[in-house]
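The chain contents come next:
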Amino acid sequence: MRADANARQFACFIALGGCAALANWLSRFALERIVSFPLAIAIAYMIGMVVAFALFRRFVFPASPQPLERQVKFFVLVNLAGVAQVWAVSMALVYYVFPALHFAGALAEPIGHGVAIGVPTLSSYFGHRLLTFRAA
């Protein structure tokens, strides 16, 4: 793939990944009404994963020759690493970093979760490009 095509693909990944991240972040607010913050983070990530898979498969990697079953399997595997990163960073920020900085209150959890969602961007892109939607 040429450099300009790679750059366009990455930009599309970032833009559509942002849509999935928004679905992830916003769903946490509804989920937190019925489950704890740590569990809401994990479930919200799964919602974002479903949105991301549909968008990435259709718009970012549409030419992938990989069978759907393989795409789903590797999408989940790549995202297991991502959810671990998001969960760990969210917990670290909300329960350790922010209190140490004397930052608390209603914005700590949304900001911590929002920052953490961006952490696995590069690892996810390369994981999906090289594994999930690998070209022939």
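Notes on the structure follow. Keep in mind that this is a model prediction, so the values were computed, not measured. Along each chain, numbering runs from 1 in the same order as the chain's sequence is written. In keeping with the model being predicted, local features are shown solely for residues with a pLDDT of at least 70 and side-chain atom pairs are shown and tallied solely at 80 or more, while totals for entire chains, interfaces and linings include all residues. Here the side-chain values reflect all heavy atoms present in the structure, with hydrogen atoms and water set aside.

1. So, the overall build of the protein
Formally: Only DSSP runs of H or I with at least four residues qualify as helices, and only runs of E with at least two residues qualify as strands; both kinds are numbered from the N terminus onward. For a compact globule the rule gives 2.2 Å times the number of residues to the power 0.38, and the radius of gyration it is set against comes from C-alpha atoms. For every residue, the accessible area (1.4 Å probe, protein chains only) is compared with the maximum for its type, and the residue is labelled buried under 20%, exposed over 50%, or partly exposed between those bounds.
Check the secondary structure of the protein and you find five helices and zero strands. Along the chain direction, N to C, the helices and strands of the protein fall in the order α-α-α-α-α. Relative to its length of 136 residues, the protein is compact, with a C-alpha radius of gyration of 16 Å against a globular reference of 14 Å. Counting only residues that meet the buried cut, the protein has 37% of its 136 residues in that class.

2. Some words on the packing of helix α3 (residues 68-100) against helix α4 (residues 108-117)
Which entries qualify depends on this criterion: The angle between two axes is taken between their N-to-C directions and runs from 0 to 180 degrees, where each axis is a line fitted to C-alpha atoms and a helix contributes only its stretch in contact. Each angle is binned into one of four classes, with values under 35 degrees roughly parallel, values over 145 roughly antiparallel, values of 65 to 115 roughly perpendicular, and all other values oblique. A clockwise turn of the near helix away from the far one marks a right-handed crossing, whereas an anticlockwise turn of less than a right angle marks a left-handed crossing. In this analysis, two residues are considered to be in contact whenever any of their non-hydrogen atoms come within 4.5 Å of each other. Here the term charged refers only to Asp, Glu, Lys and Arg, the term nonpolar to Ala, Val, Leu, Ile, Met, Phe, Trp, Tyr, Cys and Pro, and the term polar to all other amino acids, Gly among them.
Between α3 and α4, the least distance of the axes is 8 Å, while the angle of their chain directions is 140 degrees. Taken together, the axes of α3 and α4 are oblique relative to one another. Judged by the sense of rotation from one axis to the other, the crossing of α3 with α4 is right-handed. Residue-level inspection shows V86, V89, S90, L93, V94 and F98 of α3 in contact with α4, the latter providing A108, E109, I111, G112, H113, V115, A116 and I117. Of the residues that constitute the contact of α3 with α4, the class distribution is ten nonpolar, three polar and one charged.

3. A look at unusual backbone geometry
Positive phi, close to 60 degrees, is recorded for H102, a residue that is not glycine. Along the chain, H102 falls in the loop between α3 and α4.

4. Considering helix α2 (residues 37-60)
For α2, the set of buried residues is F37, A40, I41, A44, Y45, G48, M49, A52, F53, L55, F56 and V60. Buried residues along α2 sit in contact with α1 (3-31), α3, α4 and α5 (121-132).

5. A closer look at the packing of aromatic side chains
Just so we agree on the cut-off: The aromatic pairing rule takes the rings of Phe, Tyr and Trp, using the six-membered ring of Trp, and pairs them if the centres are within 6.5 Å, calling planes under 30 degrees apart stacked, those over 60 edge-to-face and the rest tilted. The rule is short: NZ of Lys or CZ of Arg within 6 Å of the ring centre and within 35 degrees of the ring normal puts a charge over the ring.
Counted according to the given criterion, the structure contains 13 aromatic pairs. Residues F37 and Y95 carry aromatic rings whose centres are separated by 6.4 Å and whose planes lie at 75 degrees to one another, so their mutual orientation is edge-to-face. Here F37, found in helix α2, pairs with Y95, found in helix α3; they are 58 residues apart in sequence, far enough to count as distant. A network of ring pairs unites the aromatic residues F10, F13, F53, F56, F61, F75, Y125, F126 and F133 as a single cluster. Stacked on the ring of F29, the Lys or Arg R28 has its end atom at 4.3 Å from the ring centre.

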